[in-house]
Amino acid sequence: MDSALTDRIIRMAWEDRTSFEEIEKRTGLVEAEVIKVMRRNLKPSSFRLWRKRVNGRVTKHRKLMKARMGH
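Criteria and cut-off values
- Residues numbered from 1 in each chain as written.
- Predicted model: local features only at pLDDT ≥ 70, side-chain atom pairs only at ≥ 80, totals over all residues.
- Heavy atoms only, no water.
- Axes fitted to C-alpha atoms, helices over the stretch in contact; angles between N-to-C directions.
- Helix = DSSP H or I, 4+ residues; strand = E, 2+ residues; numbered from the N terminus.
- Parallel < 35°, antiparallel > 145°, perpendicular 65-115°, else oblique.
- Contact = heavy atoms within 4.5 Å.
- Nonpolar A, V, L, I, M, F, W, Y, C, P; charged D, E, K, R; others polar.
- Core = buried A, V, L, I, M, F, W, Y, C linked by side-chain atoms within 4.5 Å.
- Buried < 20%, exposed > 50% of the residue type's maximum accessible area, 1.4 Å probe, protein only.

Asks: What am I meant to see in the packing of helix H1 (residues 3–14) against helix H3 (residues 31–41) here?
Replies: The relative placement of two packed helices is expressed as an angle between their axes plus a distance between the axes. Their axes nearest at 10 Å, the elements H1 and H3 cross at an angle of 105°. Classified by the interaxial angle, the pair formed by H1 and H3 is roughly perpendicular. Two secondary-structure elements touch here, H1 through Thr6, Ile9, Ile10, Ala13 and Trp14 and H3 through Val34, Val37, Met38 and Asn41. Considering only residue class, the contact of H1 with H3 consists of seven nonpolar, two polar and no charged.

Following this line, the structure appears as structure tokens:
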């Protein structure tokens, strides 16, 4: 994986409104693979902050968003 793609994945992963499903559609990486990219490329404290931020966040998980909106 080249650094431009890694940077793009990290940027999308930090964005609140870009779901893991959208990241998968654009890059082919599923949520677990995105987590591995983040773990390898962020400082440990930054990775923990990111995980805390996205864990259960409705906008990062399309299924949760649909459930919350009643679809």
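Asks: For this particular structure, what's the right way to read the nonpolar core?
Replies: Across soluble globular proteins, you tend to see nonpolar side chains buried next to one another. Core analysis: the largest hydrophobic core is formed by 15 residues, its most contacted members being Val34, Met38 and Trp50. Of all elements in the fold, only H1, helix H2 (20–27), H3 and helix H4 (44–54) reach the threshold of two or more residues within this core. Beyond its immediate sequence surroundings of up to four residues, Trp50 is in contact with Ala13, Trp14, Phe20, Ile35, Met38 and Leu42.

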